[in-house]
Amino acid sequence: MAQFVDWDLAAATAGALSKSGPAVSYDDAMAVVSELRALTDEAAGHVAAYTGLHPQVDVPPVRVVDRKDWAATNIQGLKQVIIPLVTRLSGDKQPGGLADAIGSRVTGVQAGTILAYLSGRVLGQYEVFSGNPGQLLLNAPNIVEVERKLGAEPRDFRLWVCLHEVTHRTQFTAVPWMRGYFLGEVQAFVDASQSTEHILERLRRGVATLSDALRDPESRSSVLDIVQTPGQKAVLDRLTALMTLLEGHAEFVMDGVGPEVIPSVESIRAKFNRRRESGNPLEKAIRRLLGIEVKMRQYAEGRKFVHGVVERVGMDGFNKIFDSPLTLPRLDELGDPDAWVTRVHGSQPAIGG
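This is a predicted model, so every value here is computed, not measured. (Residues numbered from 1 in each chain as written. Predicted model: local features only at pLDDT ≥ 70, side-chain atom pairs only at ≥ 80, totals over all residues. Heavy atoms only, no water.)

1. Considering the overall build of the chain
And step 1. Assigned secondary structure in the chain consists of 14 helices and three strands.
And step 2. Across the 353 residues in the chain, those meeting the buried criterion constitute 50%.
And step 3. When contacts within the chain are restricted to residue pairs at least 6 apart in sequence, long-range pairs at least 24 apart make up 80% of them.
And step 4. Accessible surface, the chain: about 16,300 Å² in total, of which carbon and sulfur atoms supply 54%. (Helix = DSSP H or I, 4+ residues; strand = E, 2+ residues; numbered from the N terminus. Buried < 20%, exposed > 50% of the residue type's maximum accessible area, 1.4 Å probe, protein only. Contact = heavy atoms within 4.5 Å. Areas by Shrake-Rupley, 256 points an atom, 1.4 Å probe, with all protein chains shown as cover.)

2. Focus: the packing of aromatic side chains
And step 1. Taken as a whole, this structure holds nine aromatic pairs when the rule is applied.
And step 2. Ring geometry for tryptophan 160 against phenylalanine 272: centres 5.1 Å apart, planes inclined by 75°, an arrangement best described as edge-to-face. Residue tryptophan 160 is located in helix 6 (residues 154–173), and its partner phenylalanine 272 is located in helix 11 (residues 265–277); the two are separated by 112 residues in the primary sequence.
And step 3. Taken together, the aromatic side chains of Phe157, Trp160 and Phe272 make up a single cluster linked through ring pairs. (Phe/Tyr/Trp six-rings, centres within 6.5 Å; stacked < 30°, edge-to-face > 60°.)

3. Comments concerning helix 2 (residues 26–51)
And step 1. Here helix 2 contains 26 residues, and its C-alpha end-to-end distance of 37 Å stays within 8% of the 38 Å for a straight helix at 1.5 Å per residue.
And step 2. Buried within helix 2 are the following residues: Val32, Val33, Leu36, Leu39, Thr40, Ala43, Val47, Ala48 and Thr51.
And step 3. Following helix 2 by one or two positions, glycine 52 has its phi on the positive side, about 75°. (Expected span 1.5 Å × (residues − 1).)

4. Some thoughts on unusual backbone geometry
Working note: non-glycine residues mostly have negative phi, and peptide bonds are mostly trans.
And step 1. The omega torsion across asparagine 132 and proline 133 is 10°, close enough to zero to call that bond cis.
And step 2. One can find proline 133 in the loop between strand 2 (124–127) and strand 3 (135–139).

5. Quick word on the sheet that holds strand 3
And step 1. Taken in spatial order, the three strands line up as 1-3-2 in an open sheet, and their pairing is mixed. This sheet does not close on itself; its edge strands, each paired only once, are strand 1 (63–65) and strand 2. Averaged over all adjacent pairs, the angle separating strand axes in this sheet is 25°, with direction ignored.
And step 2. Relative to strand 3, strand 2 runs antiparallel, the two being bridged by four bridges. (Pairing = 2+ DSSP bridges. Axes fitted to C-alpha atoms, helices over the stretch in contact; angles between N-to-C directions.)

6. With respect to helix 5 (residues 140–150)
And step 1. Burial within helix 5 is extensive, with eight of its eleven residues counted as buried.
And step 2. Taken residue by residue, helix 5 has Ala140, Pro141, Asn142, Ile143, Val144, Val146, Glu147 and Leu150 as its buried positions.
And step 3. Directly after helix 5, the chain includes glycine 151, whose backbone phi takes a positive value near 70°.

7. Let's talk about the side chain of arginine 169
And step 1. Take arginine 169: it is sitting in helix 6.
And step 2. Nearest to the buried, unbridged arginine 169 among oppositely charged side chains is aspartate 41, at 5.3 Å.
And step 3. Residue contacts for arginine 169: discarding those within four places in its chain leaves Thr40, Ala44, Val59, Pro60, Val62, Tyr126 and Leu136. (Lys, Arg positive; Asp, Glu negative; His and termini not counted. Salt bridge = Lys/Arg side-chain N within 4 Å of Asp/Glu carboxyl O.)

8. Quick look at the packing of helix 5 against helix 6
And step 1. Helix 6 packs onto helix 5 with a crossing angle of 125° between their chain directions and a minimal axis gap of 10 Å. Regarding the angle of helix 5 to helix 6, the classification is oblique. Where helix 5 crosses over helix 6, the handedness of that crossing is right-handed. Only Pro154, Phe157, Arg158 and Val161 of helix 6 make contact with helix 5, whose side of the interface consists of Ile143, Val144, Val146, Glu147 and Leu150.
And step 2. Looking at the contact of helix 5 with helix 6 residue by residue, the classes come out as seven nonpolar, no polar and two charged. (Parallel < 35°, antiparallel > 145°, perpendicular 65-115°, else oblique. Left-handed = near helix turned anticlockwise from the far one by under 90°. Nonpolar A, V, L, I, M, F, W, Y, C, P; charged D, E, K, R; others polar.)

9. A word on the side chain of threonine 113
And step 1. Along the chain, the position of threonine 113 falls in helix 4 (residues 98–119).
And step 2. A polar contact is formed between the side chain of threonine 113 and the backbone oxygen of valine 109, at a distance of 2.8 Å. (Polar contact = N/O pair within 3.5 Å; in protein donor to acceptor, adjacent residues only side chain to side chain.)

10. As for the pattern of salt bridges
And step 1. Applying the stated rule across the entire model yields 13 salt bridges.
And step 2. Here arginine 303 makes a salt bridge to aspartate 255, at a shortest N to O gap of 3.9 Å. Pair noted here: arginine 303 is in helix 13 (residues 292–318) and aspartate 255 is in helix 10 (residues 233–261), with a separation of 48 residues, a long-range link.
And step 3. Of the charged contacts, one joins aspartate 323 and lysine 320 as a salt bridge, the two residues approaching to 3.2 Å between their closest N and O atoms.
And step 4. Taking relative accessible area as the criterion, aspartate 323 reaches 46% and is therefore assigned partly exposed.
And step 5. Within the structure, one salt-bridge network assembled from shared partners comprises Glu251, Asp255, Arg269 and Arg303.

11. As for the packing of helix 10 against helix 11
And step 1. Where helix 10 meets helix 11, the closest approach of the two axes is 10 Å, and the angle between their N-to-C directions is 150°. Judged on the interaxial angle alone, helix 11 and helix 10 are roughly antiparallel. For the pair formed by helix 10 and helix 11, the contact residues are Glu251, Met254, Asp255, Gly258 and Pro259 on the first element and Val265, Arg269 and Arg276 on the second.
And step 2. The class makeup of the residues in the contact of helix 10 with helix 11 is three nonpolar, one polar and four charged.

12. Some remarks on the environment of valine 144
And step 1. Within the secondary structure, valine 144 is located in helix 5.
And step 2. Here the alpha-carbon distance between valine 144 and arginine 158, two residues 14 residues apart in the chain, equals 8.4 Å.
And step 3. Beyond its immediate chain neighbours, meaning those up to four positions away, valine 144 contacts Pro22, Val24, Val32 and Arg158.

Now the structure itself:
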């Protein structure tokens, strides 16, 4: 089978380049892990009560990870996507000699570099690629590091993070078709590529561009410009609408629940927003290339959309959004909650209807 990425080298690179976490004693580290597990359970109760959404499948326990474990888990997830893709596109032919072998090693180093960078910044993630229904990851070193930088009360900040990430877990476990829909759209994006050589070259160029951005803050390339073909725009629009909804919904829930259960939530939100918006030129360039800048906009746009819908039709009315892929908001509806309400409800029912 043709190998696009040397996965072992990617893992080794990510492990070697991942920064060490903040200094904590063994006992303190164990206490953080224990508290994050307990707060995940607490957050699950708050999210279910606030949203009215309850898991319809067995929910795997949260995994509290360090930076190297986070990178390794994401490599396993990427392998579940990339290996079948390359196999299908290549017709399962054998690697094409020295050039392909060198190319896979170069891409492995580049992929590992990107994951090492992200492993030092991601607080939590609902990882859906490596298994059904997915698994919640909490990156303990990053959570501790950020709470210290913000001067936040540790338990409050940890619960605040858990509210956001547990909402993502709820979205995929209370809506059983969500994972299949998401993976299907990712597959559709791949299927809209123009040829085997075309997509592999674009993927390789995209990974190289991200890796180069870690060293070149003046880069103005966009990864989506590199990897996207004209035929993929419609799929990307649907994926953008979905991710904006999911991120906005998580933000809406944490803002709705937070004031009731987190005494210092107002201070945490203000400080965290300032942290999101700050960054040196290199940091900002990398965030843009990795799509983090887009995700930051999705937080605000999605939260505004969810608030607008709940304001018009209540939480039960909003939850119709999860009835089927047909009731998900379209990209142009994210800025017009009335349009979604009219399309899905037919009219604007009373609050709670």
